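Listed below, chain by chain, are the residues.
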Amino acid sequence: MIYIENPHTDPVHNLALEEFMVTCDDRDIVMLWQNDPAVIVGRNQHTENQVDRAFAEEHSIAVIRRLSGGGAVYHDLGNLNFTIIARDATRYKNDFSFFTRPIIEVLNSYGVDARFSGRNDLTVQGKKFSGNAQYNHGNTVLHHGTLLWDSDLEVLAGVLRPKKRIEAREVDSHQARVTNLTAFTPPQITLARFRSDLVTELTEGQGRTVQAALPMLPDALLEKYRSDEWNWGEGLPDEDERGVVGFPASC
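Residues numbered from 1 in each chain as written. Predicted model: local features only at pLDDT ≥ 70, side-chain atom pairs only at ≥ 80, totals over all residues. Heavy atoms only, no water.

### Observations regarding the packing of aromatic side chains
As a reminder, the rule being used: Aromatic rings from Phe, Tyr and Trp, with only the six-membered ring used for Trp, were paired whenever their centres fell within 6.5 Å, and each pair was classed as stacked if the ring planes differed by under 30 degrees, edge-to-face if by over 60, and tilted otherwise. The secondary structure listing takes helices from DSSP runs of H or I that are at least 4 residues long and strands from runs of E that are at least 2 residues long, numbered from the N terminus. By definition here, charges over rings are those cases where NZ of Lys or CZ of Arg is within 6 Å of the ring centre and within 35 degrees of the ring normal.
Taken as a whole, this structure holds 6 aromatic pairs when the rule is applied. Seen in terms of ring centroids, tryptophan 149 and phenylalanine 194 are 5.1 Å apart; in terms of plane orientation they differ by 15 degrees. Their pairing is stacked. Here tryptophan 149, found in the loop between strand 10 (140-148) and helix 4 (153-159), pairs with phenylalanine 194, found in helix 5 (residues 191-203); they are 45 residues apart in sequence, far enough to count as distant. Members of the aromatic cluster, connected to one another through ring pairs, are Tyr92, Phe98 and Phe99. Here arginine 53 stacks its cationic end above the ring of tryptophan 232, 3.9 Å away from the centre of that ring. Above the face of the tryptophan 230 ring, lysine 224 is positioned so that its terminal group lies 4.0 Å from the ring centre.

### Examining the pairing of strand 3 (residues 38-41)
Note the threshold: Type-normalised accessible area, obtained with a 1.4 Å probe on protein chains alone, sets the label of each residue: buried when under 20%, exposed when over 50%, and partly exposed for intermediate values. Pairing between strands is defined by DSSP: at least two bridges between them are needed.
Because side chains alternate across strand 3, one face comprises the buried residues Ala38 and Ile40, and the other comprises Val39 and Val41, equally buried. Pairing of strand 3 with strand 4 (residues 62-65), which is carried by 4 bridges, proceeds in the parallel orientation. Note that in strand 4 the partner of isoleucine 40 across the bridge is isoleucine 64. Examined bridge by bridge, strand 3 and strand 5 (residues 73-75) share 3 bridges and lie antiparallel to one another. Each bridged residue has a counterpart across the sheet, and for isoleucine 40 the counterpart in strand 5 is valine 73.

### Focus: the sheet that holds strand 4
The criterion, for reference: To define axes, lines are fitted to C-alpha atoms, for helices over the stretch in contact only, and angles between the resulting N-to-C directions are given on a 0 to 180 degree scale. Throughout, a contact is declared for two residues whenever any of their heavy atoms are within 4.5 Å.
Taken in spatial order, the 3 strands make up an open sheet running 4-3-5, and their pairing is mixed. Edge strands, defined here as strands with exactly one partner in the open sheet, are strand 4 and strand 5. Taken over all neighbouring pairs, the strand axes of this sheet differ in orientation by 25 degrees on average, direction set aside. In the packing of helix 1 (residues 11-24) onto the sheet, contacts are made with strand 3 and strand 4, and the angle to strand 4 comes to roughly 10 degrees.

### What about unusual backbone geometry?
With a phi close to 55 degrees, serine 60 is a non-glycine residue in the positive phi region. Inspection of the secondary structure assignment puts serine 60 in the loop between helix 2 (53-58) and strand 4. We classify serine 60 as exposed; its relative accessible area is 62%. Phi at glutamine 125 is positive, roughly 50 degrees, even though this residue is not glycine.

Take a look at the structure:
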């Protein structure tokens, strides 16, 4: 298991990096990362139905589509994201509890009663602090999720305003009751401490290696994640025979 230290907070770079690692790398990877304010839209969603575009523009909030399905989520520097890429892992497809178990164990060690809830959420006292999604590429599973630590929940509520579904297959971004983990963690547990403990738990027994240098991403891939065509379209099919829509440029 390779742990990648990712200092970038540009959502275009970070979503493109996930795609690059799925298609152009062959290792099992763990990455923790953060974004500047952004809404990350699910693969199948019609973005205009989920995001208050005027609010996003007024508050300089980027809107980026990800590879995986599910609902739109809000990111800022008070939110920690995690990505796990597992090769030859078809047995883990749709097994969200498998990938989130280390997070629950770390939080339980702090005395936080974190639980897996429904199909893809993590909650504490019935309030959601993490949404999760997966993307399958051949035998590779990309699992990623949010961890609300100290996010601006007022901005989250302002920018995520789902409208009525226009297609049965589209997933709405439900405004479930959400919370920040700082409301439940001991005061001595900082985000830096949580991040460090989570890396240890996610990579324990996996032969942890820290990769200092991130790959250079192709310009064509970065441009994809900057484009309105990708980010503001009506959503993509669940499966695409080419694997990754709109790319491959050469690895």
